[in-house]
Amino acid sequence: MSDRPNKFFDEMAEDFFAECDELLSIIKRDLLRIDSMDNEVIPAEIIEELLRSCHTLKGLTGMVGADETMRLTHSIESFLKSVNTGESSISGESIDILFRSIGIVEAQLDGLRNKKEMPESQTVLMEIEALVRKSSTRETDRPKINSADKGNVLESDESIWKFLFTPTRELFDKGININDIRDRINALGKVVSSTPKTDEDGKITFEFLVVTRQPESAFSDWTNDGISYGPSDFGALASEINEHVLNVNSNRNLNLKNVVRVDLTRLDDIMRSVGDLVISRSRLNDYLQNYGIQNKEVEYLVDINSRLEQKIREVREGIMKLRLVSTDEAFERLRFVIRDIIRDGNKLVDLKIEGREVLIDKFIMDRIFDSLLHLVRNAVSHGIESPDERVAAGKPGEASLILKASSSGNTVRFEIADDGRGIDKDQIVQKARRLGLSRPDEEVSDEEILNILCSPGFSTKEKTDMVSGRGVGMDVVKKSVTDLGGHLEMQTEKGRGTNFILTLPLTLSIVEALIIKSAGRTYAVPMPSVEEVIRIEPASIIKFEQNEIINYRGFVLPVLRLNSVFNIIDKDEADHIIVVSHGSGKVGILINRITGHREIVVRSLKDPLIKVPGIYGVTDLGNGRIVLILDVHSLITSAMSTRKEESELKV
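Residues numbered from 1 in each chain as written. Predicted model: local features only at pLDDT ≥ 70, side-chain atom pairs only at ≥ 80, totals over all residues. Heavy atoms only, no water.

## Describing the overall build of the protein
The helix and strand tally for the protein stands at 18 helices and 25 strands. Taking contacts inside the protein between residues at least 6 apart in sequence as the whole, the part at least 24 apart equals 70%. When the accessible surface of the protein is totalled, it reaches about 34600 Å², and 50% of it is carbon and sulfur. (Helix = DSSP H or I, 4+ residues; strand = E, 2+ residues; numbered from the N terminus. Contact = heavy atoms within 4.5 Å. Areas by Shrake-Rupley, 256 points an atom, 1.4 Å probe, with all protein chains shown as cover.)

Here it is as structure tokens:
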């Protein structure tokens, strides 16, 4: 970071990092596309998009004074420019250096964002400069670039103009800002470059190069608004296009006037306000239902309440759509990391991604990404064998790794599946017993194997490496999933592979829930957790050893009494069962009755001193009383563990 003070940085930091993240995503995606090509012709538009993104990134980092990052992105841009002109070639060596360089750029920006030490880039700078000096006549193991069909740059009735705009406080007070200027210039024609620049005094000037059919009279009066302009010739346009690599025939939409970046915390504030509206409407609804007098005034209020409910729902769904992001961006980030892990481990892996279009709340996606990354690292480091091992086991030398996302109702499901060696359950049990996590005479179920793997400090790898073996990670994965109200499952078979499944709520703010009664207390159960609600005769419950079961559609359904789980005396007969999926089977939770179904506002419990297994958070139903929200999966796990311990003590 330069020592030169940059008074603009604090004001524009949020937009700066958002823009950088977007550009890095594009760069990494294009590098992965090139890396996956095997003796294919690289489309010229990929190199051009890389150049365009690197050039913009260079300008942004230079504008905020991140000089070391600017020099690195400039070197990357120089190499890509030499590739685009045919002076250099894309080779296996160069693509590795580009991946490493972009990784350093990302780390430097992270250091700038979090005010921590940034990695040095001198070594990789020298490697890039060496690439630029190499001749393109050298044989390469990489495909050539197809630069055909770029088309003519100018039509006969088009002219080229360069515009410069320097924002000032006086112009801002008059309502003239960069967004206004950009809209004006976009309306003229094709904007082939849009570059922010800074002078020695730190003042920002925005430079636009435009191809237009409009006469000068269309913008001659703009000089009063801080805009200067002048004609340019074809040579200057060609130079700018080579410099900025902006393809005027590109399908990419450069007009971002309809795009607004919004801080997620602002959406959280709006969602909280909508939550208060939901609670207030619930109070009104309860009042109207309990109002005994039937007259026209009451009917009118009921009608208004119904419309209010509909409009609040529309507002909530609209805000939720703003919060939703596709899983594609996260999967691309994972691909970028996986590439280096695979190469470092000398393994052959065919990575398949499914469900890129699935949408999830950005809050959840950001907090679950590290867990997905750790599971992927584990799959490569622990699960997938070397090519020689796979061939010896009768498998193809290339392993299969699948990242999959799918959605159903209000839940999103992630799967990380490999066809590697699977998990050796006997090895897990033996090591767990040595660590005191499992008794010598104890039978261990598949679910308990997962619990052992998620124990703090537990690792099956004896030797640490750059990827794993430090005994940290799986416990964090499980905690991250459960903290978000989700559920972690594992399916594994020795010699065949492993599949980790993460089931998460689509959003955490406002959810549909069943309102239930048990032992005189009211609880809320999120609908994504509920498979079915059935009514039974209390006499149909069968006691078997220390458990209770019922006949459920020809199968045995284990039953837990909610009042017993919370150690509350209940004098009433419980005759309703909430059926939920748990692991590979189903479990029934026995309650007194269902009192309703409504939207609830989720308030999570963050204080570790008051967090209880089985309770996810609290809500207000509108009467001012706090109602506990059940986390059915952790509730069942905790209850079964307690029941098992009690059974062992009796023996």
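There is more to say, and it comes next.
## Here we look at helix H9 (residues 264–290)
At 3.6 residues per turn, the α-helix brings residues three or four places apart onto the same side. The end-to-end C-alpha distance of H9 is 39 Å, a good match for the 39 Å that 27 residues give at a rise of 1.5 Å each. If you check which residues of H9 are buried, you get Leu264, Leu267, Asp268, Met271, Val274, Gly275, Val278, Ile279, Arg281, Ser282, Asn285 and Leu288. (Expected span 1.5 Å × (residues − 1). Buried < 20%, exposed > 50% of the residue type's maximum accessible area, 1.4 Å probe, protein only.)

## Side note on a nonpolar patch on the surface
Together, Leu284, Tyr287 and Leu308 give the surface a local cluster of nonpolar side chains, amounting to about 260 Å² of exposed area. Its place among the elements puts Leu308 in helix H10 (residues 296–323). What makes Leu308 partly exposed here is its relative accessible area of 36%. (Patch = residues over 30% accessible without salt bridge, like charges linked within 9 Å, V, L, I, M, F, W, Y side chains within 5 Å. Salt bridge = Lys/Arg side-chain N within 4 Å of Asp/Glu carboxyl O.)

## What about the side chain of Asn563?
With respect to the helices and strands, the residue Asn563 is situated in helix H17 (residues 562–565). Owing to a relative accessible area of 12%, Asn563 belongs among the buried residues under this scheme. Beyond its immediate chain neighbours, meaning those up to four positions away, Asn563 contacts Ser518, Ala519, Ile568 and Asp570.

## Observations concerning the sheet that holds strand S18 (residues 547–552)
Strand order in the open sheet formed by six strands is S16-S20-S21-S19-S18-S17, and the pairing between neighbours is mixed. Lying at the two open borders of the sheet, with one neighbouring strand each, are strand S16 (532–535) and strand S17 (542–544). When the angles between neighbouring strand axes are averaged without regard to direction, this sheet yields 40 degrees. Two strands pair when backbone bridges link them, and S16 and strand S20 (residues 576–582) are joined in this way by four bridges, in the antiparallel orientation. Bridged to Val533 within S20 is Ile578. (Pairing = 2+ DSSP bridges. Axes fitted to C-alpha atoms, helices over the stretch in contact; angles between N-to-C directions.)

## Section: the sheet that holds strand S11 (residues 411–418)
Across the sheet, five strands lie side by side as S8-S10-S11-S13-S12; this open sheet has mixed pairing. Sheet topology places strand S8 (349–354) and strand S12 (487–493) at the edges, where each strand pairs with a single neighbour. Averaged over all neighbouring strand pairs, the angle between strand axes comes to 10 degrees, with direction disregarded. Here strand S10 (residues 399–408) runs beside S11; their pairing, made up of eight bridges, is antiparallel. Each residue of the ladder has a partner; that of Leu401, found in S11, is Asp418. Contacts from helix H15 (residues 446–453) reach S12 and strand S13 (497–505) within the one sheet, and its direction differs from that of S12 by about 110 degrees. This element, helix H16 (residues 474–483), spans S12 and S13 of the sheet and lies at about 135 degrees to S12.

## Overview of the packing of aromatic side chains
Applying the stated rule across the entire model yields 10 aromatic pairs. Cluster of aromatic residues (ring-pair linked, three or more members): Trp161, Phe163, Phe219, Trp222 and Tyr229. Its end group placed over the ring of Trp222, Arg184 keeps NZ or CZ at 5.7 Å from the ring centre. Lying over the aromatic face of Phe99, Arg339 brings its terminal NZ or CZ to 3.7 Å of the ring centre. (Phe/Tyr/Trp six-rings, centres within 6.5 Å; stacked < 30°, edge-to-face > 60°. Lys NZ or Arg CZ within 6 Å of the ring centre and 35° of its normal.)

## Here's the deal with H16
Of all the positions in H16, only Met474, Val477, Ser480 and Val481 are classed as buried. What you see down the axis of H16 is that its buried residues fit within an arc of 120 degrees, all on one side. Lining the buried residues of H16 we find helix H12 (362–383), H15, S12 and S13. Directly after H16, the chain includes Gly485, whose backbone phi takes a positive value near 80 degrees. (Arc of directions from axis to C-beta.)

## Some words on unusual backbone geometry
In this structure, Lys115 takes a positive phi of about 55 degrees despite not being glycine. By secondary structure assignment, the location of Lys115 is in the loop between helix H4 (92–114) and helix H5 (122–133). Residue Lys115 is classed as exposed on the basis of its relative accessible area, which comes to 77%. Of note, the phi angle at Asn567 is positive, near 55 degrees, even though the residue is not glycine. Judged by its relative accessible area of 71%, Asn567 is exposed.

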